[in-house]
Amino acid sequence: MKRRCALLGATLLPNGFSLLEVLVVLVVLGLVLGVSGLAFASLRRPREAELTRELRRARSEAIRTGRPTATVIKHAPRPTHVLFLPDGRAIGPGVDPLTGAPDAP
């Protein structure tokens, strides 16, 4: 819609935004923020398994206290005892001797 200007017949365009334009912009921004928020949430580190958490706890306790710490892996096919030494190494079947992480099957 054009308005006539009193000066030399020039036409002026309407100023401002309509309510429909503002709503469309808000909907598009909401969709973009929603999708990016979901993508950002999926970048979080997955939760540790209970087995890994227990082994990490026993290893850190052995290092912190300076005494060997024993733990039992109950989720293995048969219960396995693992002994962590004060220097962080592990002794026992089914674990990596340096990190204490369970060996891959």
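Data block above holds the structure.
Now for a quick tour of the structure. (Residues numbered from 1 in each chain as written. Predicted model: local features only at pLDDT ≥ 70, side-chain atom pairs only at ≥ 80, totals over all residues. Heavy atoms only, no water.)

Looking at the pairing of strand E4 (residues 80-84)
Part 1: On E4, burial follows the alternation: Thr-80, Val-82 and Phe-84 on one face are buried, whereas His-81 and Leu-83 on the facing-out side are not.
Part 2: Bridge analysis of strand E3 (residues 69-73) against E4 gives five bridges, and the strand direction is antiparallel. Of the residues in E4, the one forming a bridge with Ile-73 is Thr-80.
Part 3: Here E4 folds back onto strand E5 (residues 90-91), and the loop between the two strands holds five residues, one of which, Gly-88, carries a positive phi near 100°. (Buried < 20%, exposed > 50% of the residue type's maximum accessible area, 1.4 Å probe, protein only. Helix = DSSP H or I, 4+ residues; strand = E, 2+ residues; numbered from the N terminus. Pairing = 2+ DSSP bridges.)

Let's talk about the nonpolar core
Part 1: Residues Leu-55, Ala-58, Ala-62, Ile-73, Val-82, Phe-84, Ala-90 and Val-95 constitute the largest nonpolar core, which totals eight residues.
Part 2: At the level of secondary structure, the elements contributing two or more residues to this core comprise helix H2 (50-65) and E4.
Part 3: Top element by residues in this core is H2. It accounts for three residues.
Part 4: Beyond its immediate stretch of four places on either side in the chain, Val-82 contacts Leu-55, Thr-69, Ala-70, Thr-71, Ile-73, Ala-90, Ile-91 and Val-95. (Core = buried A, V, L, I, M, F, W, Y, C linked by side-chain atoms within 4.5 Å. Contact = heavy atoms within 4.5 Å.)

Comments concerning the sheet that holds E4
Part 1: Within the open sheet, the three strands sit side by side as E3-E4-E5. Their pairing is antiparallel. The sheet terminates laterally at E3 and E5, the two strands that pair on one side only.
Part 2: Across the sheet, H2 is in contact with E3 and E4; its angle to E3 comes to roughly 170°. (Axes fitted to C-alpha atoms, helices over the stretch in contact; angles between N-to-C directions.)

Describing the side chain of Thr-71
Part 1: Its place among the elements puts Thr-71 in strand E3.
Part 2: For Thr-71, a relative accessible area of 6% gives the class buried.
Part 3: A distance of 2.9 Å separates polar atoms of two side chains, one belonging to Thr-71 and the other to Glu-54.
Part 4: In this view, Thr-71 contacts Glu-54, Leu-55, Ala-58, Thr-80, His-81, Val-82 and Phe-84; residues no more than four positions away in its chain are not counted. (Polar contact = N/O pair within 3.5 Å; in protein donor to acceptor, adjacent residues only side chain to side chain.)

What to know about the pattern of salt bridges
Part 1: Counted according to the given criterion, the structure contains three salt bridges.
Part 2: Among the ionic pairs, Glu-61 bridges to Arg-57, the shortest N-O distance being 2.6 Å. Here Arg-57 and Glu-61 lie together in helix H2, a separation of four residues that amounts to about one turn.
Part 3: The shortest N-O distance in the salt bridge between Asp-87 and Arg-89 comes to 2.8 Å. (Salt bridge = Lys/Arg side-chain N within 4 Å of Asp/Glu carboxyl O.)

Digging into a nonpolar patch on the surface
Part 1: Nonpolar side chains collect at one region of the surface, where Phe-17, Leu-19, Val-22, Leu-23, Val-25, Leu-26 and Leu-29 lie side by side and expose about 740 Å² of accessible area between them.
Part 2: Tracing the backbone shows Leu-29 in helix H1 (residues 19-41).
Part 3: Among the residues examined, Leu-29 registers a relative accessible area of 48% and is labelled partly exposed. (Patch = residues over 30% accessible without salt bridge, like charges linked within 9 Å, V, L, I, M, F, W, Y side chains within 5 Å. Areas by Shrake-Rupley, 256 points an atom, 1.4 Å probe, with all protein chains shown as cover.)

What about the environment of Leu-83?
Part 1: Within the element layout of this structure, Leu-83 appears in strand E4.
Part 2: Residue Leu-83 is classed as partly exposed on the basis of its relative accessible area, which comes to 31%.
Part 3: Linking Leu-83 and Ala-62, residues 21 residues apart in sequence, is a C-alpha distance of 9.1 Å.
Part 4: Setting aside anything within four residues of it in sequence, one finds Leu-83 in contact with Pro-68, Thr-69, Ala-70, Arg-89, Ala-90 and Ile-91.

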